[in-house]
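Chain and residue survey
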Amino acid sequence: MEKISVKLEENKQYLQERFKNAMDFMMRELQVSGTPAALFGLDGLVSKQIITLSILNPLMEAENLSGQGDALLSAIESRVLGSMEQKRESQMEQILFLLMSGFAVLCLEGCGEALVFGVQGFESRGPDEPQNEVMQRGAKDGFTESYQNNISLIRRRMKTTSLKFEQAQVGEKSHTPLAICYLEGVASPEILAEVRRRLKTFDLDTALGAGYLVSFLNQGGVFSGVGMTERPDVVCGKIEEGRVAILMEGTPSVILVPFLFVENFQTLDDYLSRPFYGTFIRWLKYASFFLGAFLPGLYVAIATHHPEMLPEALLLKIAESEAKTPFPVMAETLLLYFLYEVLREAGLRAPRSLSATVSIVGGLVLGDTAVSAGLVSASSLLVVALTAIAGYAVPRLYEPLALLRLGFLLAGGFLGVWGVMLGLVLLVMDLCGTQSFGVPLLAPAAPYNSRLAFRDVFVRAGWKRLAKGKARVQDMPGSRETGE
């Protein structure tokens, strides 16, 4: 790694060459007690006002500074400048990284080190309410794209010296900064070591979002063992349970590991409402998951292969409706499911001024008109609509649900109910065989632990019961540390 030169002119030429054709590169030459010096920064990342008031003015007004080179730099560091974030740096690659992170760099003639100042001044979005995790009773602030602001949002809620933030970087070229957050004495050292190890395997050039890291942290399976959230209060709650959070620069989402399957059905509102209502909502989400995954497959399987399983009145209604359509049950259900996914993607990506139009066209033209024209049956349309609505009740599982829905639909169409049952068995085997950082994904339901399962899985117990002993994730049955 190249070191900084004692000759100021060489340092200037090196930085100018590295930032060639970069209009935001700034260089200010000056004299400090008769010694040539240069101050470097990037426009838009640094605050010019802070640089002028805190660095340039004190340097230009400094007098009677003795010494040359390193002695002069020491005098400037101790007697002239009083920046809170200030350090020495001798490696050119690290200086380049700091410049692109909003730091200013001061180089002196005859000194083999540079003085670096934290003078960031770039604009950032405020902590607005999260758009994807709407809560009725929870806090209204959410994470932003600045991971330093996100650290402060967590620190404001957890005023304890046990809360730790470790600095790390990923990306061979971009060196995207991130922070590993955990509660010392609560988080498992084995899980922390595994997180650090997997982050070191990240070998992409750049990391533009937290989703880039998920593939390196997750170990496969239909359902992910890595969670993401936009809410600081959710992160604080998970950290207290022994989880590890990863905050990355440039993304408003925070990664949580380990992440269990049951947590896809949990929201902060469950814990802010009364226990009986929280339990009811949770079971409603469980039912929505099974409805969203299995309803199309079971409908096609029964209507095609096992019509005797339906009540006579319902069977006659479905038969009458299907007799007026040109496609078989499986084909029209697949068509409706495909059109629904197209409409969803169009409504998600279209400008806000057009999203309402897309919804109207989808609801009226492709819904009511298609049934009236006899292209699809009303029963198939109802099944697909119920499936779509059920999927939105568990938004964290929408991606795996979309594929499971299609898989069970095809299995039911070709093999009947037995095909759906076979798919269910394979799904349960995948869930039982998947671990998230040494913790079974289905814990504490499988391996079963009655004490934990009836506190916060099948039933949302009251806070008096929950406060008697917090369940740490490494204490789950079947984890590597418990050995159960």
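See the structure shown above.
Now for a quick tour of the structure.

**Quick word on the packing of helix α10 (residues 275-305) against helix α15 (residues 398-415)**
It is at 8 Å that the axes of α10 and α15 come closest, and there the two elements cross at 15°. Classified by the angle between their axes, α10 and α15 sit roughly parallel to one another. α15 is crossed by α10, and the crossing has right-handed handedness. For the pair formed by α10 and α15, the contact residues are F289, G292, A293, F294, P296, G297, V300, A301 and H305 on the first element and L401, L404, R405, F408, L409, G412, G413, F414 and L415 on the second. Looking at side-chain class alone, the contact of α10 with α15 contains twelve nonpolar, five polar and one charged residues.

**Quick notes on the pairing of strand β6 (residues 163-170)**
Strand direction decides the pairing type here: β6 and strand β7 (residues 176-183), joined by eight bridges, are antiparallel. Each residue of the ladder has a partner; that of A168, found in β7, is L178. In sequence, β6 turns back onto β7 through a hairpin of five residues, with G171 there showing a positive phi of about 100°.

**What to know about the side chain of R460**
Note that R460 resides in the loop between α17 (450-456) and α18 (463-466). Buried and without a salt bridge, R460 has D456 as its closest oppositely charged side chain, separated by 5.9 Å. Only 3.0 Å separates the side chain of R460 from the backbone oxygen of D270, close enough to count as a polar contact. Beyond its immediate chain neighbours, meaning those up to four positions away, R460 contacts D270, Y271, S273, R274, P275, G278, T279, R282, R455 and L466.

**Re the packing of helix α1 (residues 8-18) against helix α4 (residues 92-99)**
Axis separation between α1 and α4 bottoms out at 12 Å; the angle between their running directions is 55°. Viewed along their axes, α1 and α4 adopt a mutual orientation that is oblique. Crossing of α1 over α4 shows right-handed handedness. Packed against α1, whose contacting residues are N11, Y14, L15 and R18, the element α4 presents M92, E93, L96 and L99 at the interface.

**Here's the deal with the sheet that holds strand β4 (residues 103-108)**
The pairing of strands in a sheet comes from backbone hydrogen bonds and takes either a parallel or an antiparallel form. Read from one edge of the open sheet, five strands run β1-β2-β4-β5-β3, paired in antiparallel fashion. Every other strand in the sheet has two partners, leaving β1 (25-32) and β3 (86-89) as the edge strands with one partner each. Averaged over all neighbouring strand pairs, the angle between strand axes comes to 25°, with direction disregarded. Examined bridge by bridge, β1 and strand β2 (residues 35-42) share eight bridges and lie antiparallel to one another. Counterpart to V32 in the pairing with β2 is T35. Across the sheet, α1 touches β1, β2 and β4, and the angle it forms with β2 is around 15°.

**Focus: the pattern of salt bridges**
All chains considered together, the criterion is met by 21 salt bridges. Here E194 ties to R197 by a salt bridge, and the two come within 2.6 Å at their closest N and O atoms. Linking E194 with R197, this pair stays in helix α6 (residues 189-200), spanning three residues, or about one helical turn. E194 sits in the buried class, given a relative accessible area of 17%. The class for R197 is partly exposed, based on a relative accessible area of 45%. A network of salt bridges, in which partner residues are shared, links D70, E77, R88 and E113.

**Some points on the sheet that holds strand β8 (residues 227-229)**
The strand order across the open sheet formed by five strands is β6-β7-β9-β10-β8, and the pairing between neighbours is antiparallel. Of all strands in the sheet, those bounded by a partner on one side alone are β6 and β8. If you compare each strand with its neighbour and ignore which way they point, the axes differ by 25° on average. In the packing of helix α5 (residues 147-157) onto the sheet, the strands contacted are β6, β7 and β9 (244-248), and the crossing angle to β6 comes to about 165°. The sheet strands contacting helix α8 (residues 232-240) are β6, β7, β8, β9 and β10 (254-257), and the helix crosses β7 at an angle near 55°.

**A few points about the packing of aromatic side chains**
Considering all chains together, one arrives at 16 aromatic pairs under this definition. Centre to centre, the rings of F202 and F216 are 4.8 Å apart; their planes meet at 50°, and the pair counts as tilted. Highlighted residues: F202 in the loop between α6 and α7 (211-217) and F216 in helix α7, separated in sequence by 14 residues. Of the residues examined, F202 reaches a relative accessible area of 6% and is grouped as buried. F216 sits in the partly exposed class, given a relative accessible area of 23%. With a centroid separation of 5.6 Å and an interplanar angle of 10°, the aromatic rings of Y392 and Y398 are classed as stacked. Exposure remark for Y398: the relative accessible area of 7% places this residue in the buried category. It is R198 that lies over the ring of F437; its NZ or CZ is 4.0 Å from the centre.

**Topic: the nonpolar core**
Core analysis: the biggest nonpolar cluster contains 33 residues, and F223, F261, F265, F289 and L397 have the highest contact counts within it. For this core, the secondary structure elements donating two or more residues are α10, α12 (329-349), α15 and α16 (417-433). If one sorts the elements of this core by residue count, α10 sits on top with eight residues. Sequence-distant contacts of F265, that is, excluding residues within four places in its chain, are made with D270, R282, K285, Y286, F289, V394 and L397. Membership of the second largest hydrophobic core comes to 24 residues, among which are V32, I55, A75 and V119.

**Examining α12**
In this model α12 runs 30 Å from its N-terminal to its C-terminal C-alpha over 21 residues, within 8% of the 30 Å that 1.5 Å per residue would give. Among the residues making up α12, those that are buried are V329, M330, E332, T333, L336, Y337, Y340 and E341.

**As for the environment of Y277**
Tracing the backbone through its elements, the reader meets Y277 in helix α10. C-alpha of Y277 to C-alpha of V457: the two residues are 180 residues apart in sequence and 14 Å apart in space.

**Looking at the state of the cysteines**
Per the counting criterion, the structure on display carries zero disulfides. Among the cysteines around C107, which has no disulfide bond, C111 carries the closest sulfur, lying 8.5 Å off.

Conventions and cut-offs
Residues numbered from 1 in each chain as written. Predicted model: local features only at pLDDT ≥ 70, side-chain atom pairs only at ≥ 80, totals over all residues. Heavy atoms only, no water. Axes fitted to C-alpha atoms, helices over the stretch in contact; angles between N-to-C directions. Helix = DSSP H or I, 4+ residues; strand = E, 2+ residues; numbered from the N terminus. Parallel < 35°, antiparallel > 145°, perpendicular 65-115°, else oblique. Left-handed = near helix turned anticlockwise from the far one by under 90°. Contact = heavy atoms within 4.5 Å. Nonpolar A, V, L, I, M, F, W, Y, C, P; charged D, E, K, R; others polar. Pairing = 2+ DSSP bridges. Buried < 20%, exposed > 50% of the residue type's maximum accessible area, 1.4 Å probe, protein only. Lys, Arg positive; Asp, Glu negative; His and termini not counted. Salt bridge = Lys/Arg side-chain N within 4 Å of Asp/Glu carboxyl O. Polar contact = N/O pair within 3.5 Å; in protein donor to acceptor, adjacent residues only side chain to side chain. Phe/Tyr/Trp six-rings, centres within 6.5 Å; stacked < 30°, edge-to-face > 60°. Lys NZ or Arg CZ within 6 Å of the ring centre and 35° of its normal. Core = buried A, V, L, I, M, F, W, Y, C linked by side-chain atoms within 4.5 Å. Expected span 1.5 Å × (residues − 1). Disulfide = S-S within 2.5 Å.

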